[in-house]
Amino acid sequence: MNINSQNQPVTSNILRIISVKGLKQKVVAQKAGYSSQQFSDMLNGRKIIRPLDTRAIAIALEVDANELFKVSGQEEKEANTM
């Protein structure tokens, strides 16, 4: 198992949320307490995203940490059950 597969779907969700909110990766990195390089390493599979990292990133993104673990299509399923 490589780092990229371990970081999924968290990486995809982080990138999606950054895009939807119109944020800059550098700003999110700083808010989460990481350098731009450290954050880039996480997003590009050069560093494992640990549970403590997901909490800091979720706070920086102003989302619930569970948002980072959703799998593709899960949002639509949840919306349809309400």
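Predicted model, so just to flag it, every value in this text is computed and none were measured.

## Structural notes on the overall build of the protein
And step 1. A tally of helices and strands in the protein yields six helices and zero strands.
And step 2. Counting from the amino terminus, the protein carries its helices and strands in the arrangement α-α-α-α-α-α.
And step 3. Here the protein holds 82 residues, and the buried ones make up 33% of them.
And step 4. Accessible surface computed for the protein: about 5,300 Å², of which carbon and sulfur atoms make up 53%.

## Re the confidence of the model for the protein
Regions with low pLDDT carry predicted coordinates that are not meant to be interpreted in detail.
And step 1. Residues with a pLDDT of 70 or more make up 87% of the protein, whose mean pLDDT is 88.
And step 2. Of all the helices and strands in the protein, helix H6 (residues 74–80) carries the lowest mean pLDDT, 50, while helix H3 (residues 25–32) carries the highest, 97.

## Observations concerning the packing of H3 against helix H4 (residues 36–43)
And step 1. Running from amino to carboxyl end, H3 crosses H4 at an angle of 105°, the nearest separation of the two axes being 9 Å. The angle between the axes of H3 and H4 places the two elements in the roughly perpendicular class. Only Ser36, Phe39 and Leu43 of H4 make contact with H3, whose side of the interface consists of Gln25, Lys26, Val28 and Ala29.
And step 2. For the contact of H3 with H4, the residue count by class is four nonpolar, two polar and one charged.

## Some details on the side chain of Thr11
And step 1. Within the secondary structure, Thr11 is located in helix H2 (residues 10–21).
And step 2. Among all residues touching Thr11, those that are not within four sequence positions of it are Met42, Leu43 and Ile49.

## Here we look at unusual backbone geometry
And step 1. In this structure, the amide linkage connecting Gln8 to the following residue, Pro9, adopts the cis form with an omega of 0°.
And step 2. Among the secondary structure elements, Pro9 is positioned in the loop between helix H1 (3–7) and H2.
And step 3. The backbone phi angle of Glu62 is positive, close to 60°, even though this residue is not glycine.
And step 4. Among the structural elements, Glu62 can be located in the loop between helix H5 (51–61) and H6.

The rules we used
Residues numbered from 1 in each chain as written. Predicted model: local features only at pLDDT ≥ 70, side-chain atom pairs only at ≥ 80, totals over all residues. Heavy atoms only, no water. Helix = DSSP H or I, 4+ residues; strand = E, 2+ residues; numbered from the N terminus. Buried < 20%, exposed > 50% of the residue type's maximum accessible area, 1.4 Å probe, protein only. Areas by Shrake-Rupley, 256 points an atom, 1.4 Å probe, with all protein chains shown as cover. pLDDT = per-residue confidence, 0-100. Axes fitted to C-alpha atoms, helices over the stretch in contact; angles between N-to-C directions. Parallel < 35°, antiparallel > 145°, perpendicular 65-115°, else oblique. Contact = heavy atoms within 4.5 Å. Nonpolar A, V, L, I, M, F, W, Y, C, P; charged D, E, K, R; others polar.

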